[in-house]
Amino acid sequence: MLTVSGLTMRFGGLKAVDSLSFEARAGEITAVIGPNGAGKTTVFNCLTGFYRPTEGTIAFTHPDGQQYALERMQGHRIAAAAKVARTFQNIRLFAGMTVLENLMVAQHNAMMRATGWGVLAVLGLGRYRAEEARCLDKARQWLGEIGLADRANDQAGALPYGAQRRLEIARAMCIDPVLLCLDEPAAGLNPRETEALNQLLLRLRGTGCSLLLIEHDMGVVMRISDHIIVLDHGRKIADGTPAAIRADKAVIAAYLGEGADGDEAAA
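What comes next is a walk through the structure. (Residues numbered from 1 in each chain as written. Predicted model: local features only at pLDDT ≥ 70, side-chain atom pairs only at ≥ 80, totals over all residues. Heavy atoms only, no water.)

As a further point, take the packing of aromatic side chains. Counted according to the given criterion, the structure contains two aromatic pairs. Aromatic side chains F11 and Y51 sit 5.3 Å apart centroid to centroid with 75 degrees between the ring planes, which places their arrangement in the edge-to-face category. Of this pair, F11 sits in strand β1 (residues 2–11) while Y51 sits in the loop between α1 (40–47) and β4 (55–61), and the two are 40 residues apart along the sequence. Overall, the relative accessible area of 35% leaves F11 in the partly exposed class. One cation-aromatic arrangement involves R86 over F50; the distance from NZ or CZ to the ring centre is 5.0 Å. When the ring centre of F88 is taken as reference, the NZ or CZ atom of R92 above it lies at 4.1 Å. (Phe/Tyr/Trp six-rings, centres within 6.5 Å; stacked < 30°, edge-to-face > 60°. Helix = DSSP H or I, 4+ residues; strand = E, 2+ residues; numbered from the N terminus. Buried < 20%, exposed > 50% of the residue type's maximum accessible area, 1.4 Å probe, protein only. Lys NZ or Arg CZ within 6 Å of the ring centre and 35° of its normal.)

Laid out in structure tokens, this is it:
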């Protein structure tokens, strides 16, 4: 569903991503791993419109065959039309809003279209009430999915860290994405929270949403990923199944540590 070809991103004299090509298949969890500075987040920023690539193409195909050239699209159109959502390495919730309001904000555009961009809402006409009810139902559904139904009216900033991570994922899911890009979702989580995250991501894959994942926690990557791409200094050094990546000597040298013994490499 996603074909990246010859992707290059330069910042002045620095080439952060160097002629990267890979594919991510529909209905799978694809992980992008590599040491710090390998170019992983830069790749995500190119996919989601935060950066315009210096070179290369990013072809995205919906299950119905609709195609999008993401490298040519503005970021808001990538989310709204191509249905590519993302979360961030640093949580970016609206901390002063309630948990429920964070999920309603994600559906702002749908509600505005139903209200004639505000005019019909003031008059209480049109599809406003029906659309508001639909959005509330979806928000409550996702709160139940992430175990926060009883915290709907609490401020998002008051949630425990792991719950904030799950809320950010639920907010992204409220746009009904075809592809969800997750930037280090397990960062800062304890083992219990990490296991809850693993189960949530596997359930998301079961809904038909494909996932693209940046993650340093190799336990998460090896347990839930179908396909792994490994970067080093902006270049792809390996591409394959978790079993193949675990045994790849280039990956062991670049990412798990050169000279690691067999037990360390398998960790």
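And the narrative resumes.
Summed over all chains, the structure comprises 14 salt bridges. When the shortest N-O distance is used, the salt bridge between R86 and D183 registers 3.8 Å. Of this pair, R86 sits in strand β6 (residues 84–86) while D183 sits in strand β7 (residues 179–183), placing them 97 residues apart in sequence. Relative accessible area serves as the criterion here: at 12%, R86 is assigned to the buried category. Here D183 falls in the buried class, since its relative accessible area comes to 2%. Residue D226 is joined to R205 by a salt bridge in which the shortest nitrogen-to-oxygen separation is 2.9 Å. (Salt bridge = Lys/Arg side-chain N within 4 Å of Asp/Glu carboxyl O.)

Two orientations exist for strands paired in a sheet by backbone hydrogen bonds: parallel and antiparallel. Read from one edge to the other, the open sheet built from six strands follows the order β6-β7-β8-β3-β9-β10, with strand pairing classed as mixed. On the outer flanks of this sheet lie β6 and β10 (235–240), each paired with one strand and no other. Strand after strand, the sheet turns through a mean of 20 degrees between neighbouring axes, direction not considered. Pairing analysis gives five bridges linking strand β9 (residues 227–232) to β10, with the strands arranged antiparallel. Within the sheet, the bridge partner assigned to D232 lies in β10 and is R235. Contacts from helix α7 (residues 161–173) reach β6 and β7 within the one sheet, and its direction differs from that of β7 by about 155 degrees. Packing against the sheet, helix α8 (residues 191–206) makes contact with β3 (29–33), β7 and β8 (210–214), and its axis sits at approximately 145 degrees to β8. (Pairing = 2+ DSSP bridges. Axes fitted to C-alpha atoms, helices over the stretch in contact; angles between N-to-C directions. Contact = heavy atoms within 4.5 Å.)

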